Amino acid sequence: MESPSHYDHDFSLSAVDAKSKKGFWAMLLVMLGFTFFSASMWAGGKLGAGLTASKFITAILAGNLILGIYTGLLALIASRTGLSTHLLARYSFGERGSILPSFLLGITQVGWFGVGVAMFAIPVQKVTGLNIYLLVIVSGLIMTATAWFGIKALTVLSSIAVPSITVLGLMSVGKAFNDFGGTSVWFDIVPENPMTLYSAIGICVASFISGGTLTPDFTRFSKSSKIALSTTLIAFFLGNSLMFFFGAVGSAFYQQSDISDVLMNQGMIVWAMIILGLNIWTTNDNALYASGLGFSNITRLPKKIMVIVNGIIGTLLALYLYNNFVGFLNVLNSMLPSIGGVLIADYFLVHKSKYIAFAEKKISKFRWSAVVAWGFGVLAATYLPGIAPVNSVVSSIVVYVIIEKVILKTETL
């Protein structure tokens, strides 16, 4: 088993050691920064335009419950093993087989990083008139620099961004209610093109389940399983729900799902740029951090090197990615939830929550059972009726357990 020749504070290729574990508040900030995701506000805007306020609340609670269960299980595995998503994948997919999930997860996060850089630069250029290419390069390099410092920088950034976004978001919502007549008006709004509650729950789940597959990359630093689980659940029920709430109110009253656009309409242009920057910054740093771990697993190079490479690539391609890559990213996103399903099935159902320590276990080169189960999950997401990511996770779990326990008769490690 290889290990870094220097002390790796990001534990790219090893389990997190005890002295690097973090307590409740530090982990809560990291996880809230993880779930403060711009796409959740856009999804909230879509839900806000198609649902009554009461149905909207029901949808986000149900959707985040599903997300909480999925990410909570992954958080438990990571906190007990100290391993990232990519190193956990070596147990089920094999050492070489883990290249598949690492590549899919890594390339998706690099893509979203580039899209995020453009999402910040384009509106700032419209307001300030600054050169768009200069804005892209400067913002991309700054985001890359903070991601290079790893989990410590993510904690510091989240400690600033999370309360700032929360306060400004609530101020904006408060002004909207005050200007339009209060919360009762929101509850009285009847959508012109109503959406079914079932579809709304599906949108809520789909908006973050792909990113949620990377939960272990962060919760592996938790001092205990209790901290990992509680901070993950709070992050989704509070953090992700707030993002949906901000988007829904903006959509209902201003016909804008992005809180930065809402703030502009409210005459707070400077605040709009700040909140847009902070929101995208936290999202992008988490994306770049996770992609660095993924490509570190593939190349065996330190995560910091891969962060720089990925950041430069994402920055240089930012405008192209923004204009052309979102559709492809959505295709990739359909391939990711079943990865988490395989990890959950292997740890909890096949090996009964008992893994041999990563440094001591002889990892198989390739395990076909995981790849087949992953493939079934992708097919289920594509062709079965219902909530696509849920179909993906459940199908991959069932197929993997059948192959491992019935066909291969795998014993607990």
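Structure: see above.
Predicted model only: the values in this text are computed from it and were never measured.

Cut-offs applied
- Numbering of residues starts from 1 in every chain and runs along the sequence as written.
- Only residues with pLDDT of at least 70 get local features here, since the model is predicted, and only at 80 or more are side-chain atom pairs given and counted; chain-wide, interface and lining totals rely on the full set of residues.
- Calculated side-chain values reflect all of the structure's heavy atoms, with hydrogen atoms and water omitted.
- The way it works is that DSSP assigns letters per residue, a run of H or I at least four long becomes a helix, a run of E at least two long becomes a strand, and they are numbered from the N terminus.
- For a compact globule the rule gives 2.2 Å times the number of residues to the power 0.38, and the radius of gyration it is set against comes from C-alpha atoms.
- Exposure categories follow from relative accessible area, calculated using a 1.4 Å probe and restricted to protein chains: below 20% of the type maximum is buried, above 50% is exposed, and the middle band is partly exposed.
- Contact definition: two residues touch when any of their heavy atoms are within 4.5 Å.
- We get accessible surface area from the Shrake-Rupley algorithm with a probe of 1.4 Å; when it comes to residues, only the shown protein chains can shield them.
- His residues and chain termini do not enter the charge count, which takes Lys and Arg as positive and Asp and Glu as negative.
- The atom standing in for a charge is NZ when the residue is Lys, CZ when it is Arg, CG when it is Asp and CD when it is Glu.
- Here the term patch refers to residues with relative accessible area over 30% and no salt bridge, with like charges joined within 9 Å and nonpolar side chains (Val, Leu, Ile, Met, Phe, Trp, Tyr) within 5 Å.
- Basic side-chain nitrogens of Lys or Arg form a salt bridge, by our definition, when they fall within 4 Å of a carboxyl oxygen of Asp or Glu.
- To get an axis, fit a line to the C-alpha atoms, keeping to the stretch in contact for a helix; angles then go from 0 to 180 degrees between the N-to-C directions.
- For this classification, under 35 degrees means roughly parallel, over 145 means roughly antiparallel, 65 to 115 means roughly perpendicular, and everything else is oblique.
- Left-handed describes a crossing whose near helix is turned anticlockwise from the far helix by less than a right angle; the clockwise case is right-handed.
- Working definition of a nonpolar core: buried Ala, Val, Leu, Ile, Met, Phe, Trp, Tyr and Cys residues. They are joined through side-chain atoms within 4.5 Å.
- The definition of a polar contact used here is a pair of N or O atoms within 3.5 Å, where within protein one atom must be able to donate a hydrogen and the other to accept one, and adjacent residues in sequence count solely through side-chain atom pairs.

1. Observations regarding the overall build of the chain
For the chain, the count of helices and strands is 20 helices and 0 strands. Rg of the C-alpha trace for the chain: 21 Å, near the compact-globule value of 22 Å for 413 residues, within the 12% margin. Seen through its principal axes, the chain has C-alpha atoms that stretch 65 × 45 × 40 Å. Put simply, the chain has 413 residues, and 59% of those count as buried. At a minimum sequence separation of 6, the contacts of the chain that also span at least 24 residues come to 85%. Just so you have it, the chain exposes about 16200 Å², and 69% of that area is on carbon and sulfur atoms. In the chain, 25 positive and 16 negative side-chain charges are present, and the distance between their average locations comes to 8 Å.

2. Some remarks on a nonpolar patch on the surface
Taken together, the side chains of Phe366, Trp368, Val372, Phe376, Val394, Val398, Ile402, Val406, Ile407 and Leu408 present a nonpolar region at the surface, about 910 Å² in accessible area. Elements with a minimum of two residues in the nonpolar patch: helix H19 (368–383) and helix H20 (388–407). Its location among the elements puts Ile402 in helix H20. Residue classification places Ile402 among the partly exposed positions, given a relative accessible area of 43%.

3. Comments concerning the pattern of salt bridges
As enumerated under the stated definition, the model contains 5 salt bridges in all. A salt bridge links Arg367 to Glu404; the nearest nitrogen and oxygen atoms lie 2.7 Å apart. Highlighted residues: Arg367 in the loop between helix H18 (337–350) and H19 and Glu404 in helix H20, separated in sequence by 37 residues. One network of salt bridges, in which partners are shared, links Glu95, Arg300 and Lys365.

4. Re the packing of H18 against H20
Running from N to C, H18 and H20 cross one another at 40°; their axes reach a closest spacing of 8 Å. Judged by the inter-axis angle, H18 sits oblique to H20. In this structure, H18 crosses over H20, and the sense of that crossing is right-handed. Taken together, the residues of H20 that come into contact with H18 (itself represented by Pro337, Ser338, Gly341, Val342, Ile344, Ala345, Asp346, Leu349 and Val350) are Pro389, Ser392, Val393, Ser396, Ile397, Tyr400, Val401, Glu404 and Lys405.

5. Some points on unusual backbone geometry
Unlike most non-glycine residues, Phe11 shows phi in positive territory, near 50°. With respect to the helices, strands and loops of the structure, Phe11 is situated in the segment before helix H1 (24–35). With a relative accessible area of 3%, Phe11 lands in the buried category. Of note, the phi angle at Ser353 is positive, near 65°, even though the residue is not glycine.

6. Side note on the nonpolar core
In a soluble, globular protein the nonpolar side chains are often hidden away together inside. With 96 residues, the main nonpolar core has Leu47, Phe56, Trp186 and Phe218 as its most contacted residues. Among the elements that make up this core, the one with the highest residue count is helix H12 (residues 225–254) (12 residues). The contact partners of Phe218, leaving out residues within four places of it in the chain, are Met27, Val30, Met31, Phe34, Ile151, Leu154, Asn286 and Tyr289. Counting 22 residues, the second-largest nonpolar core is a separate cluster that includes Val115, Ala118, Ile132 and Leu321.

7. Looking at the side chain of Ser79
Its location among the elements puts Ser79 in helix H3 (residues 53–81). You can call Ser79 buried: its relative accessible area is 10%. At 2.9 Å, the side chain of Ser79 forms a polar contact with the backbone oxygen of Leu76.

8. Concerning the side chain of Thr283
Looking at where Thr283 falls in the secondary structure, it is placed in helix H14 (residues 269–299). Under the relative-accessibility criterion, Thr283 is labelled buried at 16%. A polar atom in the side chain of Thr283 sits 3.0 Å from the backbone oxygen of Asn279. Setting aside chain neighbours within four positions, we find Thr283 in contact with Phe36, Phe37 and Ser38.

9. A closer look at the environment of Val371
By the secondary structure assignment, Val371 is in helix H19. For Val371, a relative accessible area of 23% corresponds to the partly exposed category. Measuring from C-alpha to C-alpha, the distance between Val371 and Gly94 comes to 9.8 Å, with 277 residues separating the pair along the chain. If we ignore the near neighbours within four places in the chain, the residues touching Val371 are Phe93, Leu100 and Phe366.

10. Observations concerning the environment of Ile201
The topology assignment puts Ile201 in helix H9 (residues 197–206). With a relative accessible area of 14%, Ile201 lands in the buried category. C-alpha of Ile201 to C-alpha of Thr35: the two residues are 166 residues apart in sequence and 17 Å apart in space. Excluding anything up to four places from it in sequence, Ile201 contacts Ala59, Ala62, Gly63, Ile66 and Ile387.

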